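Now for the letters of each chain:
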Protein chains: 2
Amino acid sequence: MSRGRDSLDGSVPLAARARAVQPFHVMRLLARAHELEAAGRSIIHLEVGEPDFATPEPILAAGQRALAAGLTHYTPAAGLAELRRAIAGHYGRRYGVDLGPEHILVAPGASGALQLVFSALLEPGDRVMIGDPSYPCYRQVLRLLGAEPLSVPVGADSDFQLTAERAERAWSPGVRALVVASPANPTGSVLDARALADLHALCRERGAALIVDEIYQGLVYRVPDVTALALGLDDLYVINSFSKYFGMTGWRLGWVAGSVESIQVMDRLSQNLFIAANTPAQHAALAAFEPETLAILESRRLAFETRRDFLLPALRELGFRIPNRPDGAFYLYAGLPERVREDSMAFVTRLLEEVGVAVTPGHDFGDHAAGRHLRFAYTRDLDPLAEAVERIASFMERL
Amino acid sequence: MSRGRDSLDGSVPLAARARAVQPFHVMRLLARAHELEAAGRSIIHLEVGEPDFATPEPILAAGQRALAAGLTHYTPAAGLAELRRAIAGHYGRRYGVDLGPEHILVAPGASGALQLVFSALLEPGDRVMIGDPSYPCYRQVLRLLGAEPLSVPVGADSDFQLTAERAERAWSPGVRALVVASPANPTGSVLDARALADLHALCRERGAALIVDEIYQGLVYRVPDVTALALGLDDLYVINSFSKYFGMTGWRLGWVAGSVESIQVMDRLSQNLFIAANTPAQHAALAAFEPETLAILESRRLAFETRRDFLLPALRELGFRIPNRPDGAFYLYAGLPERVREDSMAFVTRLLEEVGVAVTPGHDFGDHAAGRHLRFAYTRDLDPLAEAVERIASFMERL
């Protein structure tokens with residue numbers, strides 16, 4: 001059993017691929033922020049990728065009704081039939097995309113959806129092209145499945161997105177899928193219908209699948225709210241979730257849209273990997289598409305827009321470099337001012353320790369210029385945002 | 001991109017390892033049972049691995065309180081600190097095992113727990129020894145991770161369990177872990193403290209880890225209720241869940257107990273694979289260890305025991321071969337009577353079509369003598385069980 005791994009006291013060592021999964025830097029920052037708060041310090045949290053809003057009342061009420069009715073048994077692996085229909089109907093009503101429930105599979109969060117899509121598509125050794133920076137779990141989950149993430153640096157010149165032209169230049173043998181997110185984490189950038197169509201055309205030409213992560217869908221500001229599903233379902237997988245727009249983070253409920261054949265395969269994978277998503281959450285989510293809920297969500301969307309419209313110029317004023325206006329999600333991905341010489345990791349640590357503002361270093365999203373970038377999440381209201389800007393300003397003055 | 005796979009209309013074929021995941025036979029039976037019910041037929045469901053009992057009232061009430069309080073944000077990936085403490089405390093109170101919360105990680109169901117343990121331990125190509133018959137998802141999840149299930153036939157002579165002696169004979173190079181379940185699905189058989197200790201000693205001697213699936217823990221009848229954790233945590237991983245004993249199937253909440261180092265690695269894996277388990281479920285589960293809940297669970301345990309004590313002799317009377325009394329879970333794994341010549345798949349199909357009793361064929365649990373076995377789940381009350389026995393008797397008479 002000699003495997004070239006360290007073994008303490010004869011114990012079985014953990015797998016190298018598991019040990020290679022690093023904690024997010026933001027977790028260490030968050031723990032330190034909690035320590036400082038416990039010691040009486042005021043901390044403003046702009047590091048959290050979770051809306052401050054609670055789950056909308058009509059969804060909470062539907063969840064309570066489901067519990068009162070004892071609806072706690074397993075659902076089918078692909079989700080409650082009514083919920084699959086409701087999600088499909090949402091695409092018709094809001095996006096004009098005609099889709100049957102057989103194209104929708106309910107999953108335990110976008111995380112579960114991602115795992116299902118990657119598992120359905122990829123063989124060990126397959127390559128998947130991803131922009132850098134991007135959501136870090138893409139790379140980690142791919143590696144656990146034996147696939148190989150192919151990170152392509154993207155910068156402000158392409159709005160931090162993989163374009164068809166950039167993807168074509170970076171293409172290499174074995175690329176089997178391409179992942180983009182719109183609106184994107186950590187940059188808030190949005191792909192328009194044309195950019196999505198070009199990426200899809202490239203993928204189809206190269207025999208690869210396009211995976212579009214639309215987890216922040218609906219959270220767009222003064223640009224069209226689009227879905228890649230308008231392109232049809234050939235070689236296209238769309239991942240979505242009730243977490244962000246619908247305010248249901250802790251419920252762990254998401255979905256995949258794909259071809260009937262792929263949904264059938266993912267249904268069987270889901271039976272084995274998850275059994276099904278949480279049942280009360282599925283019943284609660286049926287209320288997510290009610291007019292009353294959608295009105296609440298629209299008012300929240302406008303609140304996020306107001307926050308962005310405050311924070312974006314304020315950060316630019318302080319010298320942070322955000323060349324393009326991010327049109328979606330609730331993130332600003334900011335380049336450090338020229339005169340700041342230290343790495344973003346050191347910068348965020350000092351920002352937290354010295355003035356009590358928590359933000360996420362670029363290192364959590366990839367390697368490309370990560371040491372020169374920060375992510376600000378406007379998941380706090382205008383007053384704390386204004387206070388944060390003041391604190392950052394005083395910090396910058398002392399630099 | 002030629003990969004030797006079929007491609008329809010130029011579309012990207014799904015991965016072979018994903019397409020190889022077969023649906024459970026019981027899913028087809030269940031769908032057919034629903035069709036028959038829709039057509040007005042009476043069907044008795046003994047195929048379902050889910051208690052008929054609803055979630056106990058105090059847990060439902062705690063879930064409703066959590067929703068009323070808007071507790072719907074993400075929890076830490078390893079679970080709510082209070083819940084980890086409550087689970088650790090449960091081991092102390094009920095099993096006399098002294099364990100800190102740092103040894104517990106809350107997961108989205110035993111399914112999630114299984115994925116975390118396998119991901120933490122295994123490299124591609126590692127072998128994992130598993131008894132046949134056993135819970136089918138072990139094999140499927142292992143294959144998705146690039147590991148290799150090594151199925152070892154086990155029969156009534158070892159109570160359908162891998163014993164240390166049997167495992168030692170079947171050992172082969174590359175075996176990195178051994179999985180047992182106690183009480184087991186599909187057989188209801190229970191490993192005693194001595195059998196667990198022997199398996200653990202063998203694994204330690206061979207440099208492998210022992211993974212014990214205790215998802216049916218607590219559901220034992222007139223035998224000691226034990227946990228493998230009494231053996232310590234060296235090279236031992238215990239998987240458990242709120243689904244079966246605690247009656248929380250649809251909530252998707254389970255846990256892993258392991259060494260601190262392994263829990264830390266699984267914490268980071270969980271951040272990437274799941275983010276965390278469902279938040280309202282975690283708050284609800286805090287009520288699972290309340291005396292009021294435990295009293296309800298004890299009365300349910302006694303109800304299962306009464307059902308077993310009815311169904312076991314009744315099936316033996318009809319010629320089904322169940323040599324040892326299964327002491328746990330809510331399953332009887334029965335050999336077909338000698339005079340039945342057809343395969344279990346054909347038998348269960350006819351049983352459903354002709355007399356409306358649904359049971360699971362052995363094929364869902366492995367290959368070893370699968371065509372000669374059925375699983376009866378006593379997840380229905382005494383009246384439907386008695387009716388089922390009458391119907392099976394009339395079916396057998398006509399054979």
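Relevant structure appears above.
Here the structure is a predicted model, which means the values were calculated and not measured. (Residues numbered from 1 in each chain as written. Chains lettered and ligands numbered in written order. Predicted model: local features only at pLDDT ≥ 70, side-chain atom pairs only at ≥ 80, totals over all residues. Heavy atoms only, no water.)

A. Region of interest: the nonpolar core. Membership of the largest hydrophobic core comes to 280 residues, with the highest contact counts inside it found for Phe 242, Phe 320 and Phe 376 of chain A together with Phe 242, Phe 320 and Phe 376 of chain B. In this structure, Phe 242 of chain A is in contact with Leu 83, Ile 87, Gly 247, Met 248, Leu 253, Gly 254, Trp 255, Ala 285, Ala 288 and Phe 289 of chain A, ignoring residues within four places of it in sequence. (Core = buried A, V, L, I, M, F, W, Y, C linked by side-chain atoms within 4.5 Å. Buried < 20%, exposed > 50% of the residue type's maximum accessible area, 1.4 Å probe, protein only. Contact = heavy atoms within 4.5 Å.)

B. Structural context of the interface of chain B and chain A. Taken together, the contact pairs 83 residues of chain B with 83 residues of chain A. Between chain B and chain A lies a buried interface of about 6900 Å² when both sides are counted; carbon and sulfur atoms form 54% of it. Area buried by chain B at its contact with chain A is led by Leu 14, Tyr 74 and Asn 272 of chain B, which between them contribute 11% of it. The interface formed by chain B and chain A holds zero salt bridges in total. Linking chain B to chain A there are 37 residue pairs in polar contact (both at pLDDT 80 or more). Broken down by secondary-structure element, the contributors of at least two residues to the side of chain B that touches chain A are helix H1 (16-19), helix H3 (57-68), helix H5 (109-121), helix H6 (137-144), strand S5 (175-181), helix H8 (193-206), helix H9 (260-273) and helix H10 (279-285) of chain B. When residues in the side of chain B that touches chain A are grouped by element, the largest group, eight residues, is from H9 of chain B. Grouping the constituent residues of the side of chain B that touches chain A by class yields 42 nonpolar, 24 polar and 17 charged. (Buried area = accessible area lost by both parts, 1.4 Å probe. Salt bridge = Lys/Arg side-chain N within 4 Å of Asp/Glu carboxyl O. Polar contact = N/O pair within 3.5 Å; in protein donor to acceptor, adjacent residues only side chain to side chain. Helix = DSSP H or I, 4+ residues; strand = E, 2+ residues; numbered from the N terminus. Nonpolar A, V, L, I, M, F, W, Y, C, P; charged D, E, K, R; others polar.)

C. Inspection of the relation of the copies chain B and chain A at higher detail. Structural alignment of chain B on chain A gives an RMSD of 0.0 Å, achieved by rotating through 180° and translating 0.0 Å along the axis. The superposition of one copy onto the other is thereby described by a two-fold rotation axis. Interface overlap between copies: 100% of the residues of chain B at the interface are likewise at the interface in chain A, consistent with a symmetric, same-surface contact. (Least-squares fit on C-alpha atoms with pLDDT ≥ 70 in both.)

D. How the structure looks around the sheet that holds strand S8 (residues 254-257) of chain A. Residues and elements named next belong to chain A. Read across the open sheet, the seven strands follow the order S2-S8-S7-S6-S5-S3-S4; overall the sheet is mixed. Of all the strands in the sheet, just strand S2 (104-107) and strand S4 (148-153) have a single pairing partner and so form its edges. On average, each strand axis in the sheet is tilted by 25° relative to the strand beside it, whichever way the strands run. Of the strand pairs in this sheet, strand S7 (residues 236-241) and S8 are connected by four bridges, and their pairing is antiparallel. Along S8, the bridge assignment pairs Asn 240 with Trp 255. Of the strands in this sheet, strand S5 (175-181), strand S6 (209-213) and S7 touch helix H8 (residues 193-206), which is tilted by about 150° from S6. (Pairing = 2+ DSSP bridges. Axes fitted to C-alpha atoms, helices over the stretch in contact; angles between N-to-C directions.)

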